[in-house]
Amino acid sequence: MEKIRADLLQKLKREMERADITFAENVPMSRYTSFKAGGNAAVLAEVRDTDRLRALLALTSQEGVPHILLGNGSNTLFKDSGYEGIVIRLSQDFAYVNVTDEGRVVCGAAILLSSLSRELMKKELAGFEFASGIPGSLGGALFMNAGAYGGEMKQVVESVRAISADGSSERIFSNEEMKFGYRHSVLSENGYIAVEAVLNMEKGSGEKIAERMKELSARRNSKQPVNY
């Protein structure tokens, strides 16, 4: 991958400052991945709302700058030579969860699956226990239809709100339109970036949900070196 030209890098920095996008240069990716390895990214940018995300995607698209979206970094390994592009992260402003009066769960793509699982347990909403031990964010789980122990995102997602790869459009994908398959979704085909999802959960017993999560945690810990 070619290094970003110095003049283009300066332009990108000016545009990000103008759009009030937080960024840093030469950032070690070992800080942001569970592997704790890998070289530096030319730029790490963090966006706190969809307007800034769309602005940044439009900028990288117009200038032909390589970019990648990074969630919790639990399924990504950067080369020691680093990444000569922009690594984009959704800020904690995207890590929200709201339960409507109808029992639908509206949540941001940056929320960790473990955190979302605990919130749903508190609300006594069942069906998400399978994801409680998956070390990733909701966005990554939607992208790859994450699953474990007989459950998968396909079973609980009603719809997904996403931004196109060039930032030009926003749309809602229904469960069917997401084309969920084994470790696959339509997002891996069209490049759209998930920013929010609506989940349909079932009312359950908080005690039973907690027991199930504890059981799955024990099974995972017995088979995987989770401390790594």
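Nothing here was measured: the structure is a model prediction, and the numbers come from that model.

A.B. asks: Explain the overall build of the chain residue by residue, including any values.
C.D. replies: For the chain, the helix and strand inventory stands at six helices and 13 strands. Relative to the 2.2 N^0.38 estimate, which gives 17 Å for 228 residues, the radius of gyration of the chain is 18 Å and therefore close to what a compact globule would have. For the C-alpha atoms alone, the extent of the chain along its principal axes is close to 60 × 40 × 30 Å. Taking the intrachain contacts of the chain between residues at least 6 apart in sequence as the baseline, contacts between residues at least 24 apart amount to 62%. Total accessible area on the chain stands at roughly 11,900 Å², and carbon and sulfur atoms take up 46% of it. Seen as two clouds, the 29 positive and the 30 negative side-chain charges of the chain have centres 4 Å apart.

A.B. asks: Break down the pairing of strand β2 (residues 40-47) for me, citing the residues and quoting the values.
C.D. replies: Along β2, six of the eight residues are buried, which leaves the element largely enclosed by surrounding structure. Here strand β1 (residues 22-28) runs beside β2; their pairing, made up of six bridges, is antiparallel. In the strand pairing of β2, F23 is matched with A45. Bridge analysis of β2 against strand β4 (residues 83-90) gives six bridges, and the strand direction is parallel.

A.B. asks: Give a detailed account of the sheet that holds β4, specifying residues and quantitative values.
C.D. replies: Strand order in the open sheet formed by four strands is β1-β2-β4-β3, with mixed pairing between adjacent strands. Of all strands in the sheet, those with a lone pairing partner are β1 and β3 (67-69), marking the two edges. Taking each pair of neighbouring strands and ignoring which way they run, the sheet shows an average axis angle of 25°. Contacts from helix α1 (residues 6-18) reach β1, β2 and β4 within the one sheet, and its direction differs from that of β1 by about 140°. In this fold helix α2 (residues 50-63) packs onto β2, β3 and β4, with an angle of close to 165° to the strand it touches most, β4.

A.B. asks: Would you mind going over the sheet that holds strand β6 (residues 104-108) in detail, with residue names and values included?
C.D. replies: If you trace the five strands from one edge of the open sheet to the other, you get β5-β6-β12-β10-β11, paired in antiparallel fashion. Edge strands, defined here as strands with exactly one partner in the open sheet, are β5 (97-99) and β11 (170-174). For this sheet, the mean inter-axis angle between neighbouring strands, taken without regard to orientation, is 20°. Where strand β10 (residues 157-163) lies against strand β12 (residues 193-200), six bridges are found, and the strand directions are antiparallel. Following the sheet pairing, V157 is matched in β12 by L199.

A.B. asks: I'd like a rundown of the pattern of salt bridges, residues and numbers included.
C.D. replies: Where side chains of opposite charge bring their charged atoms close, a pairing between them can arise. Applying the stated rule across the entire model yields 15 salt bridges. Where R5 meets D7, a salt bridge forms, and the shortest distance between an N and an O atom there is 3.0 Å. Classification of R5 as exposed rests on a relative accessible area of 52%. A salt bridge links E119 to K122; the nearest nitrogen and oxygen atoms lie 3.5 Å apart. Taken as a pair, E119 and K122 lie in helix α3 (residues 113-122) at a separation of three residues, close to a single helical turn. Here K122 falls in the exposed class, since its relative accessible area comes to 61%. Salt bridges sharing partners connect three or more residues here, namely D20, R48, D49 and R52.

Cut-offs and rules
- The numbering scheme is per chain: residues are counted from 1 as the chain's sequence reads.
- Residues qualify for local features only when their pLDDT is at least 70, as the model is predicted, and side-chain atom pairs are given and counted only at 80 or more; totals for whole chains, interfaces and linings, by contrast, use all residues.
- Calculated side-chain values reflect all of the structure's heavy atoms, with hydrogen atoms and water omitted.
- Secondary structure is summarised from DSSP: a helix means a run of H or I of at least four residues, a strand means a run of E of at least two, and numbering begins at the N terminus for each.
- Two things to know: the radius of gyration comes from C-alpha atoms, and the globule rule equals 2.2 Å times the number of residues to the power 0.38.
- Throughout, a residue-residue contact means that at least one pair of heavy atoms, one from each residue, lies within 4.5 Å.
- Values of accessible area rely on a 1.4 Å probe in the Shrake-Rupley scheme; residue burial ignores everything except the protein chains shown.
- When charges are counted, Lys and Arg are positive and Asp and Glu negative, with His and the chain ends excluded.
- A charge is said to be at NZ when it belongs to Lys, at CZ for Arg, at CG for Asp and at CD for Glu.
- Each residue gets one of three labels from its accessible area relative to the maximum for its type: buried under 20%, exposed over 50%, partly exposed in between, using a 1.4 Å probe on protein chains only.
- Note on pairing: DSSP must find at least two bridges between two strands before they are called paired.
- Only the stretch in contact is used when a helix axis is fitted, and all axes are lines through C-alpha atoms; the angle between N-to-C directions ranges over 0 to 180 degrees.
- Basic side-chain nitrogens of Lys or Arg form a salt bridge, by our definition, when they fall within 4 Å of a carboxyl oxygen of Asp or Glu.

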